[in-house]
Amino acid sequence: MSYKYIMENAIEIKNVGKKYNITHQKGGYVSLRDVIMNILKSPFKHAKQKARKVIGKDAKEEFWALKGVSLTVKKGEVIGIIGANGAGKSTLLKVLSQITPPTEGEIILNGRIASLLEIGTGFHQELTGRENVFLNGAILGMTKKEITERFDDIVEFSGVKKFIDTPVKRYSSGMYVKLAFAVAAHMEPDILIVDEVLAVGDAEFRKKSLGKLDEVSKTEGRTILFVSHNMAMVEDLCNRSILLEHGKVKLIGETKKVIGEYLSKSNEKNRAIHNFRIDQHRDNQVTKISLLNDRNEPTSNFDSTKQFTVDIEYLVKQEVKGTMLSFLIYTADGNKLIHSDSFNYSGVIPESLEAGNHKTKITIPANLLNAGDYYIETIIRIPGFSSLDHRENIQFSISGENSLQGDVYGKNYEGILSIPLEHKTEEIK
């Protein structure tokens, strides 16, 4: 494994692989308290178990998050990286950002890299927005003079001027993203890596950010690697994209073609019941998603004139404070249509999610969606900070047959929504 720096291309990735060793534990989840109590009760037994680990008696499995990945990115090119959860997208970006080294292969870089991999990456919670701008700039290799020259533009672009002298621990997730993106975009890195963070900002800021990315790539010649589950954003910004599947490159080419391949072969497409393998290393995870019609029958094709439900089952091993369930619906081309959180109706973020098995039933009302294909995404998350578990690409279809969508000529109305609106007409005298 090695990193090299040359002038021909912005990035060259040659047969890169990243391996993790997974130790399999027998039995179910064990809390830290149980571990400590077992040590106190049976110290010799614990020592024997540790010895078995040292001499390699415990079962281990090699997991390749990336395998044989090769890619060349030219200067000024904007490359989209798409794929399902677990495909290796974030691992690839972390390897490129030199956060973690590859197990094998070679990476050739040309220029300074700035990364937006997670909300608030590189921000110090106790420092103000102003102080974090200078901190981030220093991390990116800028001098204090260079940061000062760009400071006003950064604050103006971010839209958080009113709170620039407030500690960032008091920022919302949207404010985090706005300031972090503004810093990275104005510090003039040669290569900018953006991983999904723009999904948190509001629509106006996303539009402004995409315009900025397009500007810096075309006029300033900067290279951008862009990861998003929003296929419309990827298609608007990237001429070429890469599809990852199980840590390997499935397809590289023109973005529209790559997106088409991804959507046509989404995991578990057109199925009504989705069961997910339990990960012993996760404290919170979605275990099952069921699509049910108005008669409570499993199906992934619904009549637009009738309501249907989505049952989400999830396991909580430990109580986590401030946790909630988010539910999203996307159109087939990746536009976010609905975003609903578990506290929407109460108006109060829940204090905690108690340990145990839970099921949330979400009802989609009749006459809401027009005929077409849609995708569901669910997230167990702590607002403003982290995603604890994330499931995506659960597809369903809406049929316009025998519905209000057919007009008097037997054609379907265009548009996404199919809400019947009252038309009240009166004569003007």
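Everything numeric here is computed off the predicted structure, so don't read it as measured data.

What counts and how
- Residues numbered from 1 in each chain as written.
- Predicted model: local features only at pLDDT ≥ 70, side-chain atom pairs only at ≥ 80, totals over all residues.
- Heavy atoms only, no water.
- Phe/Tyr/Trp six-rings, centres within 6.5 Å; stacked < 30°, edge-to-face > 60°.
- Buried < 20%, exposed > 50% of the residue type's maximum accessible area, 1.4 Å probe, protein only.
- Lys NZ or Arg CZ within 6 Å of the ring centre and 35° of its normal.
- Pairing = 2+ DSSP bridges.
- Helix = DSSP H or I, 4+ residues; strand = E, 2+ residues; numbered from the N terminus.
- Axes fitted to C-alpha atoms, helices over the stretch in contact; angles between N-to-C directions.
- Contact = heavy atoms within 4.5 Å.
- Salt bridge = Lys/Arg side-chain N within 4 Å of Asp/Glu carboxyl O.

Caption draft 1: Focus on the packing of aromatic side chains. Counting across every chain of the model gives seven aromatic pairs. Centre to centre, the rings of Tyr171 and Tyr176 are 6.4 Å apart; their planes meet at 75°, and the pair counts as edge-to-face. Since its relative accessible area comes to 6%, Tyr171 is described here as buried. By relative accessible area, which is 2% here, Tyr176 ends up buried. Among the aromatic residues, those joined into a cluster by ring pairs are Phe302, Phe308, Tyr374 and Phe396. Between Lys18 and the ring centre of Tyr20, over which it is positioned, the NZ or CZ distance is 5.3 Å. If you follow Arg391 out to its NZ or CZ, it ends over the ring of Phe276, 4.3 Å from the centre.

Caption draft 2: Representation of the sheet that holds strand E9 (residues 240-245) in the model. As summarised here, the arrangement of the six strands in space is E6-E7-E8-E4-E9-E10, forming an open sheet in which the pairing is mixed. The open sheet terminates on both sides in strands that have one partner only, identified here as strand E6 (113-116) and strand E10 (248-254). Pairwise comparison of adjacent strand axes, ignoring direction, gives a mean angle of 15° for this sheet. When strand E4 (residues 78-82) meets strand E8 (residues 223-227), the two strands line up parallel, connected through four bridges. When the bridges of E8 are listed, Val78 appears paired with Ile224. Taken strand by strand, helix H3 (residues 89-96) contacts E4, E6, strand E7 (191-195), E8 and E9, and its axis lies near 150° from that of E7.

Caption draft 3: Structural view of the pattern of salt bridges. Taken as a whole and assessed by the stated rule, the structure comprises twelve salt bridges. Lys359 is paired through a salt bridge with Asp311; the nearest N and O atoms lie 3.8 Å apart. Remark: Asp311 occurs in strand E14 (residues 308-316) and Lys359 occurs in strand E19 (residues 356-364); sequence separation between them is 48 residues. Take Lys359: its relative accessible area is 52%, and that puts it in the exposed class. Classification of Asp311 as buried rests on a relative accessible area of 6%. Each of Asp294, Arg295 and Glu297 takes part in salt bridges that share partners, so that together they form one network.

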